[in-house]
Amino acid sequence: MPAGGSVQWSTRFGFLMASVGFAVGLGNIWRFPYVTGENGGGAFVAVYLICVAAIALPILMAELLIGRRGRLNPAGAMAAVAAAEGRSQRWGWVGGLNLAAAFLIEVVYCVVAGWVLHYLWQALATGFVGVGPAEAEAQFSGLLAHLPGMLLWTLLALAATTLIIYGGVRKGIERAVNGLMPFLFGLLLLLAAHNLWAGGFGQAVGYLFAPDFTKVSGPMILAAVGQAFFSIGVAMAGMMAFAAYLPSTLSIGRSAVAIVCLDTLVALVAGLVIFPAVFRFGMDPAAGAGLIFETLPVAFAQMAGGRWVAVLFFLLLSVAAVTSMVGLQEPLTAWVEQRFGTTRRRGALLVSLAVGLLSIVSMLSHSHWSQVRLFGASLATALDYLPNQVMLPLGGLLIAIFAAWFMRADSTRAELALAKPWQFRTWLALTRFVAPPAVLLILVFGLT
């Protein structure tokens, strides 16, 4: 059934779990720890928290209010709200930009989700027993070079996602996230608690929460704003699509704050899951993207009970990956339904087919086509660069400008339904004067 209309979340909890499940993905549990490691630890975390509150949260609220007021897929919602506000329906292309970004991110993301599923299988089968640095690197390189294997795991991740979307909003997405997200939170807390007595926990806490502000720099601030975008899910179409199913009686302001707080909490706890093992075994916290797939398997091989810790960790990552993929594919499915007048089931299958076919390009960019260059960058870098460094900040910038400058204040005030007048004034000021310049900087530096 198309977005909006009579289709709504049955409870606020279901909406929150779907939204948090979208935001809480590999961006939190995989990307946040290694970006934190690359940018100096606690100082980065402090700047990141400021960016989330001052930039990502106001734009998220703008996205939610547009989605709920428009009651359509992101492109349709932007056009409908613009028409209601007496503005050009050409604003709908901003929603189209969000959809295009979601599609490109999903093409890359589903491959990484496939890696996670493969490592979950490896954890179950071997527990990484006897794996050293050379073996871990060889295992990961072997996975990247084996196209049939990568395709199999990617298709399994897509199949799980499609099955959830196939069932619809209440029977599919809401039912799945109501079970998966509490399970994810439980796994995360269990693994963090394990580190309390396993060792390295104190070092991890100091690394994350004792900032050295001498490490603050322009590039680090840009990385923090970018991570806030990536982590919260701003301008990826998912939040706007989920808001189309949000009952008008629920507060967007309170919901947005809850989403951001839960998302940020998960990111920080993920650091307390990963960094204690890194410090305990004398590894490099700035190991980059390979931190999860090359560094941690070595730690699991060395720790007592490492096999079961590895299974729980990659199970956690698998759940996070699938719930995020649902958030990326739901708006695309809603768009296909409404644009072509097809059923949800057919729309879900068509989107998964298109993502699966193009994901082969992403797979090849890590192996057989690793030497291919686009404008001087590797193909894998280019596939990540366009949506994350260009389309997301541009989409976020335009959403903020539209909501703060092109919608009437009475419209946004009524839709946000904030409890206190000062809260609305703060949101409006941040969305008008703080978020756009900050996001514009990200866009400009991303293009240079």
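Since we're looking at a predicted model, the values are computed, not measured.

**Considering the overall build of the protein**
Item 1. In terms of regular secondary structure, the protein is built from 18 helices and 2 strands.
Item 2. Taking 22 Å as the expected radius of gyration for a compact globule of 448 residues, we find that the protein reaches 21 Å, a close match to that expectation.
Item 3. Principal-axis analysis of the C-alpha atoms gives the protein an extent of 65 × 50 × 45 Å.
Item 4. The burial tally for the protein puts 60% of its 448 residues in the buried class.
Item 5. Accessible surface, the protein: about 16,800 Å² in total, of which carbon and sulfur atoms supply 68%.
Item 6. Distance between charge centroids for the protein: 13 Å, based on 24 positive and 16 negative side chains.

**Quick word on the nonpolar core**
Item 1. Ile-55, Ile-66, Phe-293, Phe-313 and Phe-314 are the most contacted members of the largest nonpolar core, which has 166 residues in total.
Item 2. If sequence neighbours within four positions are ignored, Phe-314 has contacts with Val-116, Tyr-119, Leu-120, Ala-123, Phe-128, Ile-292, Phe-293 and Phe-300.

**Quick look at the side chain of Asn-195**
Item 1. On the secondary structure map, Asn-195 appears in helix 8 (residues 169–198).
Item 2. By relative accessible area, which is 3% here, Asn-195 ends up buried.
Item 3. Polar side-chain contacts of Asn-195 include one of 3.1 Å to the backbone oxygen of Val-273.
Item 4. Setting aside anything within four residues of it in sequence, one finds Asn-195 in contact with Phe-201, Leu-272, Val-273, Pro-276 and Arg-280.

**Describing the packing of helix 5 (residues 92–125) against helix 15 (residues 344–365)**
Packed helix pairs are characterised by how far apart their axes lie and by the angle those axes make with each other.
Item 1. At a closest axis distance of 8 Å, the pairing of helix 5 and helix 15 adopts a crossing angle of 65°. In terms of orientation, helix 5 lies roughly perpendicular with respect to helix 15. Note that helix 5 runs across helix 15; the crossing there is right-handed. Across from Phe-103, Glu-106, Val-107, Val-108, Cys-110 and Val-111 in helix 5, the residues of helix 15 making contact are Ala-354, Val-355, Leu-358, Ser-359, Ser-362 and Met-363.

**Concerning the side chain of Ser-255**
Item 1. Within the secondary structure, Ser-255 is located in helix 12 (residues 252–280).
Item 2. Each residue touching Ser-255, except ones within four places of it in the same chain, is listed here: Arg-12, Phe-15 and Leu-16.

**Topic: the state of the cysteines**
Item 1. As enumerated under the stated definition, the model contains 0 disulfides in all.
Item 2. You can see Cys-51 has no disulfide; the closest cysteine sulfur is in Cys-261, sitting 16 Å from it.

**Here's the deal with helix 5**
Item 1. Between the first and last C-alpha of helix 5 there are 49 Å, a value that for 34 residues agrees with the 50 Å anticipated at 1.5 Å per step.
Item 2. Considering bend angle alone, the principal kink of helix 5 is centred on Glu-106 and spans about 30°.
Item 3. Of the residues flanking the end of helix 5, it is Gly-127, one or two places downstream, whose phi is positive at about 65°.

**Considerations on unusual backbone geometry**
Item 1. In this structure, Ala-235 takes a positive phi of about 65° despite not being glycine.
Item 2. Unusually for a residue other than glycine, Ala-237 sits at a positive phi of about 80°.
Item 3. Tracing the backbone through its elements, the reader meets Ala-237 in the loop between helix 10 (218–232) and helix 11 (238–243).

**Brief notes about helix 8**
Item 1. Here helix 8 is 30 residues long and its end C-alpha atoms lie 41 Å apart, about the 44 Å a rise of 1.5 Å per residue gives.
Item 2. In helix 8, a bend of some 25° at Val-177 exceeds every other bend along the element.
Item 3. Where helix 8 terminates, the next one or two residues include Gly-199, which has phi positive at roughly 110°.

**Here we look at the packing of aromatic side chains**
Item 1. A full pass over the atoms with the stated rule returns 27 aromatic pairs.
Item 2. An aromatic cluster of at least three residues, connected via ring pairs, comprises Trp-115, Tyr-119, Phe-128, Phe-140, Phe-293, Phe-300, Phe-313 and Phe-314.

**Comments concerning the pattern of salt bridges**
Between side chains of opposite charge, a pair can form when the charged atoms approach closely.
Item 1. Overall, the coordinates contain 6 salt bridges when judged by the stated rule.
Item 2. For Glu-85, the salt bridge is made with Arg-69, and the minimal N-O distance between the two is 2.4 Å. Separated by 16 residues along the polypeptide, Glu-85 in the loop between helix 4 (74–84) and helix 5 and Arg-69 in helix 3 (residues 42–70) bring together distant segments of the chain.
Item 3. Residue class for Glu-85 comes out buried when judged on its relative accessible area of 7%.
Item 4. The class of Arg-69 is partly exposed, set by a relative accessible area of 29%.
Item 5. With its nearest N and O atoms 2.7 Å apart, the salt bridge here joins Glu-330 to Arg-344. Residue Glu-330 is located in helix 14 (residues 306–340), and its partner Arg-344 is located in helix 15; the two are separated by 14 residues in the primary sequence.
Item 6. Among the ionic contacts, a cluster of salt bridges with common partners joins Arg-69, Glu-85 and Arg-408.

**Thoughts on the environment of Ala-101**
Item 1. Within the fold, Ala-101 resides in helix 5.
Item 2. Judged by relative accessible area, Ala-101 falls into the buried class, the value being 0%.
Item 3. C-alpha separation for the pair Ala-101 and Pro-276, spaced 175 residues apart in sequence, amounts to 34 Å.
Item 4. For Ala-101, the contacting residues outside a window of four places in its chain are Ala-235, Pro-387, Met-391 and Leu-392.

**Some details on the environment of Leu-392**
Item 1. Note that Leu-392 resides in helix 16 (residues 379–406).
Item 2. Distance in space between the C-alpha atoms of Leu-392 and Val-116 is 24 Å, their sequence separation being 276 residues.
Item 3. Those residues in contact with Leu-392 that sit more than four places away from it in its chain are Ala-101, Ile-105, Phe-229, Val-234, Ala-235, Met-236 and Pro-387.

**Description of the confidence of the model for the protein**
Item 1. With 98% of its residues at a pLDDT of 70 or more, the protein shows a mean pLDDT of 92.
Item 2. The least confident element of the protein is helix 2 (residues 26–38), whose mean pLDDT is 79; the most confident is helix 4, at 98.

**Regarding a nonpolar patch on the surface**
Item 1. A grouping of Leu-440, Leu-441, Val-444 and Phe-445 is seen on the molecular surface, where their side chains present a nonpolar patch of about 360 Å² in accessible area.
Item 2. By the element assignment, Leu-440 lies in helix 18 (residues 421–447).

Definitions and limits used
- Sequence order as written defines the numbering, with residues in each chain counted from 1.
- Residue-level local features of this predicted model are given only where pLDDT is at least 70; pairs of side-chain atoms are given and counted only at 80 or more, and the full residue set underlies all totals for whole chains, interfaces and linings.
- With hydrogens and water excluded, all non-hydrogen atoms of the structure serve as input to the side-chain values.
- Secondary structure elements are taken from DSSP: a helix is a run of H or I of four residues or more, a strand is a run of E of two residues or more, and numbering for both begins at the N terminus.
- C-alpha atoms define the radius of gyration in this analysis, and the globule rule sets the expected value at 2.2 Å times the number of residues to the power 0.38.
- Exposed residues in this analysis have more than 50% of their type's maximum accessible area, buried residues have under 20%, and partly exposed residues fall in between, with area computed by a 1.4 Å probe over protein chains only.
- Each accessible area is a Shrake-Rupley result for a 1.4 Å probe, and residues are judged covered by the shown protein chains and nothing else.
- The sign given to each residue is positive for Lys and Arg and negative for Asp and Glu; His and the chain ends receive no count.
- By convention, charge coordinates are those of NZ in Lys, CZ in Arg, CG in Asp, or CD in Glu.
- For our purposes a nonpolar core is just a set of buried Ala, Val, Leu, Ile, Met, Phe, Trp, Tyr and Cys residues, chained together by side-chain atoms within 4.5 Å.
- Throughout, a contact is declared for two residues whenever any of their heavy atoms are within 4.5 Å.
- Think of a polar contact as two N or O atoms within 3.5 Å of one another; within protein, one of them needs to be a possible hydrogen donor and the other a possible acceptor, and neighboring residues in sequence only count if both atoms come from side chains.
- Fitting a line to C-alpha atoms yields each axis, with helices limited to the stretch in contact; the angle taken between N-to-C directions then spans 0 to 180 degrees.
- Angle categories: roughly parallel below 35 degrees, roughly antiparallel above 145, roughly perpendicular from 65 to 115, and oblique for all the rest.
- By definition, turning the near helix anticlockwise from the far helix through less than a right angle yields a left-handed crossing, and turning it clockwise yields a right-handed one.
- Cysteine sulfur atoms that pair up within 2.5 Å are treated as a disulfide.
- Multiplying 1.5 Å by the helix residue count minus one yields the expected span of that helix.
- To get the bend at a residue, fit one axis to the 7 residues ending there and another to the 7 starting there, then take the angle between the axes.
- Geometry of aromatic contacts follows a simple scheme: Phe, Tyr and Trp rings, the Trp one being its six-membered ring, pair when their centres are within 6.5 Å, and the pair is stacked under 30 degrees between planes, edge-to-face over 60, tilted otherwise.
- The working definition used for a salt bridge is a side-chain nitrogen of Lys or Arg within 4 Å of a carboxyl oxygen of Asp or Glu.
- Per-residue confidence from the predictor is reported as pLDDT, a score between 0 and 100.
- Only residues whose relative accessible area exceeds 30% and that take part in no salt bridge are eligible for patches, with like-charged residues grouped when within 9 Å of each other and nonpolar side chains (Val, Leu, Ile, Met, Phe, Trp, Tyr) grouped when within 5 Å.

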